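Chain by chain, the residues:
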Amino acid sequence: MSSVLEQSRSDYFARFFRSWVRDPFTIGAVAPSGRLLARLMAQNVTAGARVIELGAGTGTVTRAILERGVRPENLVVVEQNADFARILTQRFPHCRVLQADALSLASYRDELAGGGFDFVISGLPLLLFSRREKLRVLSQAFEMLGPDGCFHQFTYGGRCPVGRELRARLRLRSSLIGFTPLNLPPAFVYRFARVF
């Protein structure tokens with residue numbers, strides 16, 4: 001059984017790496033998120049929460065979210081890459097997997113029961129996004145979140161991946177959740193929430 005699991009992991013990594021070679025600006029990372037980063041991304045997610053995951057890759061963070069007690073039917077996984085979306089559907093058959101661009105999240109509002117989610121967990125390469133694309137992703141994500149909802153975002157740069165001016169425009173506050181020095185490369189995770 002463990003050899004089958006290891007073979008699956010190496011297959012996921014190989015597919016991830018091939019996708020990165022084909023389009024590094026879409027994938028945004030040279031390897032899938034490590035387990036420590038995945039756990040940090042899912043930190044404070046509560047059992048029974050409704051969650052949207054953006055840019056799920058091959059599902060390392062997806063697994064961490066489910067391990068926090070989120071029911072599969074309450075987790076919507078959004079992944080643009082067709083190969084990754086197929087892997088996610090196989091690995092997490094009870095979760096809703098949308099092969100979609102996170103920049104078009106609002107077009108799925110009706111399918112997502114109008115919003116009211118508790119968390120959006122983002123594995124998107126936000127540092128590579130233009131200011132306009134960041135505005136679009138965050139605006140749409142917060143349309144899907146309930147009033148107390150939070151947006152978690154990783155970054156390989158030490159600074160907050162959303163600048164002060166854009167946070168002010170969106171009326172968001174940011175806080176550093178934590179840092180994983182053992183991830184490859186080391187990563188920081190930030191939380192964004194509305195300012196009332």
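What you see is a predicted model; the values in this text were computed from it and never measured.

1. Section: unusual backbone geometry
Most peptide bonds are trans, and most residues other than glycine sit at a negative phi.
Okay, so step 1: Pro-185 follows Leu-184 through a cis peptide bond whose omega is -10°.
Okay, so step 2: Inspection of the secondary structure assignment puts Pro-185 in the loop between β6 (172-180) and β7 (187-194).
Okay, so step 3: Even without glycine at this site, Asn-44 takes up a positive phi of about 75°.
Okay, so step 4: The topology assignment puts Asn-44 in the loop between α3 (35-41) and β1 (51-54).
Okay, so step 5: One non-glycine residue, Arg-171, adopts positive backbone phi at about 55°.
Okay, so step 6: The topology assignment puts Arg-171 in the loop between α7 (164-170) and β6.

2. A look at the confidence of the model for the protein
Okay, so step 1: For the protein, the mean per-residue pLDDT works out to 87, and 83% of the residues sit at or above 70.
Okay, so step 2: The model gives residues 1-6 a pLDDT under 50, and that stretch makes zero contacts with residues more than four places away or in other chains.
Okay, so step 3: A low-confidence stretch, residues 12-17 (pLDDT under 50), is modelled with 16 contacts involving residues beyond four sequence positions or located in other chains.

3. A look at the nonpolar core
Okay, so step 1: In terms of nonpolar packing, the biggest core is built from 29 residues, with Ile-52, Leu-54, Val-78, Leu-112 and Phe-151 touching the most fellow members.
Okay, so step 2: Broken down by secondary-structure element, the contributors of at least two residues to this core are β1, β2 (75-79), β4 (117-122), α6 (131-144), β5 (145-155) and β7.
Okay, so step 3: Residue contributions to this core peak at six residues, all from α6.
Okay, so step 4: Those residues in contact with Val-78, other than ones at most four positions away along the chain, are Ile-52, Glu-53, Leu-54, Gly-55, Ala-56, Leu-98, Ala-100 and Leu-105.

Parameters at a glance
- Residues numbered from 1 in each chain as written.
- Predicted model: local features only at pLDDT ≥ 70, side-chain atom pairs only at ≥ 80, totals over all residues.
- Heavy atoms only, no water.
- Helix = DSSP H or I, 4+ residues; strand = E, 2+ residues; numbered from the N terminus.
- pLDDT = per-residue confidence, 0-100.
- Contact = heavy atoms within 4.5 Å.
- Core = buried A, V, L, I, M, F, W, Y, C linked by side-chain atoms within 4.5 Å.
- Buried < 20%, exposed > 50% of the residue type's maximum accessible area, 1.4 Å probe, protein only.

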